[in-house]
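Here is how the chains run, residue by residue.
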Amino acid sequence: MKGRLLDLARISLPLVVICTLMVALIAAVNHFTAPVINENEKALFNQSVKDLFGLSKNEEPTVDPLHLPENELLPSGALAAYAVKMGEKQLGYCMEVTGSGAYSEDLRMLVAIDGDGQIIDLCCLASSETPGKGDKVLNDGFYSTYYLGRTVDEITSADPPILSGSTKTATALYNAVDCALALYQTLTVQKGDGA
Amino acid sequence: MILDILAIFLSVALVDNYVFSQTLGICPFLGVSSKPSTALGMGLAVTFVMTMSNAVTRLVFDLLLKGRFEYLQTVVFILIIASLVQLIEMMLKKLLPSLYGALGIYLPLITTNCAVLGAATNALGDQRASANILFSSFYGFSAAIGFTIAILIFAGVRARIDEESVPEPFRGTPITLIGAGITALVFNGLLAGIKF
Amino acid sequence: MFKTILKQFKEGVFDKNPLLVQILGVCASLAITTSVSNALYMGLAVTAVLVCSNLFVSLLRKFIPQQVRIAAYIVIISGFVTIVEMLMKAYLPSAAEKLGIFLPLIVVNCIILGRAEAYASQNAPFPSIIDGLAMGAGFTIALLLLGAIRELFGAGTLFGISIFGQSYTPIGILSSPPGAFIVLGCLIALMQYLKKDCPSMNSTQRRKSQSRMSKQGRIRHDP
């Protein structure tokens, strides 16, 4: 009995030591990289917001997160909404949303909408599958002409566009924008009630 | 609810099939597809392990890792999968020797099947499957069914390939890979026509 | 000394190329070789993990008990994969984003576990590092080849720069997963063809493979 326990200890002790060693190593690296990764994500987000509103490099907009309603009015897929200001001037809103395609393809997108409900621009932050695929659909022309410069009311009242080509990603994109528009409407309706 | 379940199944089992469209789990796909019977055995073993492992990894992620220790995800997941495979092997040997006889030889191979770790990781990021542990587990099950479908179809194709005369440099793995490519083309092309 | 290093490299790149001869690590190779830059990043990541894990396994080879060695290797490998993943996310975010799930999946890449078991667990640290470098180089070169073919003909670009100009119609299938299978199959066939002509392949192995072929017997010969 004692011999078996000793054997067990002889086998498991090195394993435990190795596990501890590796976990310590990972934790140490994480300690250094986690802030950098956070910083990167923030920088990417800021850059995307600037691109959306067509700001130049030295212009720093203030991006305030808006409070999302926690009820059934909130469309599924809505992540966050921001009010974007440049100094005193209100530039518009930025909706962060995810849309899933008919299958598993998820797109995380930013949709910029100005104060009058006109869509300024869209961009794709991340895609769960092949990254860059979303950009391809965005650069396709059809989607930019379909959405850009039109108002939220115009788009939501019209029939959905006929999706063609790379349909999986296109559906995801359409759903994401749809969600952003719904989120915009929820937020503005709420504001109207408050005023 | 039911729509979500259907969507998960259709997406991972057929449309984004793990083998043909995401190219995960290719090693066993090429290695064990020479006969339909062994292909079926491997498929069943993978289904068994993947359903369990997705549930367990999700549980451990929610209980231990979420928030503070997310960076340990890969280490913990692969250890869970490796020990789960060992555990399943021991349990099958004791409780269901007949099933063990059929699946036993495939079980050790599963630890290094990247589809298992891939499914566990993917299920966390998937919008539908991340809802709860049952969906997570079902995601693993669907992915494994997709794997089984792929390996079974390909076992049939391979039976034909082996009978053909193939130019010498192409014998063995190359012709198998090219066959797999054409099978994938047919599979993906067939499903691309279906819209939901 | 120098000669053995050279020999190890020749083995890693040609005789025992992990992807084209040993057919290991196929999943990641098929998925991420849609462009040359992705292939390069993946190759470098795998090489880094391979070198680190080989060094560690070699240093600890007398300390790790025989019964639990695979578990120990898996812990070491997954640890280094996580570290490489975190470093890439921090300093090469776009590359990390492109490799996506295949970055953590390096853990189950059979090359790394295979080299730990077959080489590093029996050799001193320095040769193990060289072995890691050589195998990593072989894998990277194979990935680059695959990536170059797929990007050049599948998209008409190399490293994102247009090569054939506007008038070229890309062969879309090459950048899709089925195309990856087919191109890899052709590359392996090329490797087998080259190896057949290569005198370094020893004659017994050759005879064996020939006798295996004749034993198949079912091969039909067209007139």
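Being a predicted model, the structure only gives us computed values, none of them experimental.

Re the overall build of chain C
Thinking step 1. When helices and strands are tallied, chain C shows 9 helices and 2 strands.
Thinking step 2. When the helices and strands of chain C are read in sequence order from the N terminus, they spell out α-α-α-α-α-α-α-β-β-α-α.
Thinking step 3. Burial statistics for chain C: of 223 residues in total, 47% are counted as buried.
Thinking step 4. Considering only residue pairs separated by 6 or more positions, chain C has 75% of its internal contacts joining residues 24 or more positions apart.

Quick word on the overall build of chain A
Thinking step 1. Looking only at helices and strands, chain A features 5 helices and 5 strands.
Thinking step 2. From first element to last, N terminus to C terminus, chain A shows the α and β order α-β-β-β-β-β-α-α-α-α.
Thinking step 3. Long-range contacts, defined here as pairs at least 24 residues apart, represent 55% of the contacts in chain A between residues at least 6 apart.

With respect to unusual backbone geometry
Thinking step 1. Of note in this structure, B:T23 is not a glycine but carries a positive phi near 45 degrees.
Thinking step 2. Within the element layout of this structure, B:T23 appears in the loop between α1 (2-15) and α2 (26-31).
Thinking step 3. C-beta crowding within 10 Å serves as the criterion here: with 27 such atoms nearby, B:T23 is assigned to the buried category.
Thinking step 4. Positive phi outside glycine occurs at C:I23, with the angle close to 50 degrees.
Thinking step 5. Structurally, C:I23 can be placed in the loop between α1 (2-15) and α2 (26-32).

With respect to the interface of chain B and chain C
Thinking step 1. Counting from both sides, the interface comprises 34 residues of chain B and, opposite them, 39 residues of chain C.
Thinking step 2. Going through the elements one at a time, α2, α4 (73-95), α7 (114-125) and α9 (173-192) of chain B are the ones with two or more residues in the side of chain B that touches chain C.
Thinking step 3. Ranked by residue count, the leading element in the side of chain B that touches chain C is α9(B), at 10 residues.

Regarding the domain arrangement of chain A
Thinking step 1. One can read the domain layout of chain A as domain 1 (1-52) and domain 2 (62-194).
Thinking step 2. A class-by-class count of the residues in the side of domain 1 of chain A that touches domain 2 of chain A yields 2 nonpolar, 1 polar and 1 charged.

Structural notes on the environment of A:A182
Residues and elements named next belong to chain A.
Thinking step 1. Among the structural elements, A182 can be located in helix α5 (residues 167-194).
Thinking step 2. Using a count of 20 C-beta atoms within 10 Å as the deciding quantity, one classes A182 as buried.
Thinking step 3. As a C-alpha pair, A182 and R4 span 178 residues in sequence and 66 Å in three-dimensional space.

Focus on the nonpolar core
Thinking step 1. Counting residues in hydrophobic clusters, the biggest one holds 137 residues, and the most contacted among them are B:L117, B:A143, C:M42, C:V49, C:I76 and C:I77.
Thinking step 2. Within the second largest apolar cluster, 33 residues are counted, among which are A:L52, A:V84, A:A180 and A:Y184.

Side note on the packing of α7(B) against helix α8 (residues 133-161) of chain B
All names here are of chain B.
Thinking step 1. At a minimum axis separation of 9 Å, α7 and α8 run at an interaxial angle of 140 degrees. Note that α7 runs across α8; the crossing there is right-handed. Residues A115, A119 and A123 of α7 pack against S136, Y139, G140, A143 and F147 of α8.
Thinking step 2. Each residue belonging to the contact of α7 with α8 can be placed in one class, and the counts come to 6 nonpolar, 2 polar and no charged.

What counts and what doesn't
Residues numbered from 1 in each chain as written. Chains lettered and ligands numbered in written order. Predicted model: local features only at pLDDT ≥ 70, side-chain atom pairs only at ≥ 80, totals over all residues. Helix = DSSP H or I, 4+ residues; strand = E, 2+ residues; numbered from the N terminus. Buried ≥ 20, exposed ≤ 12 C-beta atoms within 10 Å, placed from the backbone. Contact = placed C-beta atoms within 7 Å. Domains from an automatic or database assignment. Nonpolar A, V, L, I, M, F, W, Y, C, P; charged D, E, K, R; others polar. Core = buried A, V, L, I, M, F, W, Y, C linked by C-beta atoms within 7 Å. Axes fitted to C-alpha atoms, helices over the stretch in contact; angles between N-to-C directions. Left-handed = near helix turned anticlockwise from the far one by under 90°.

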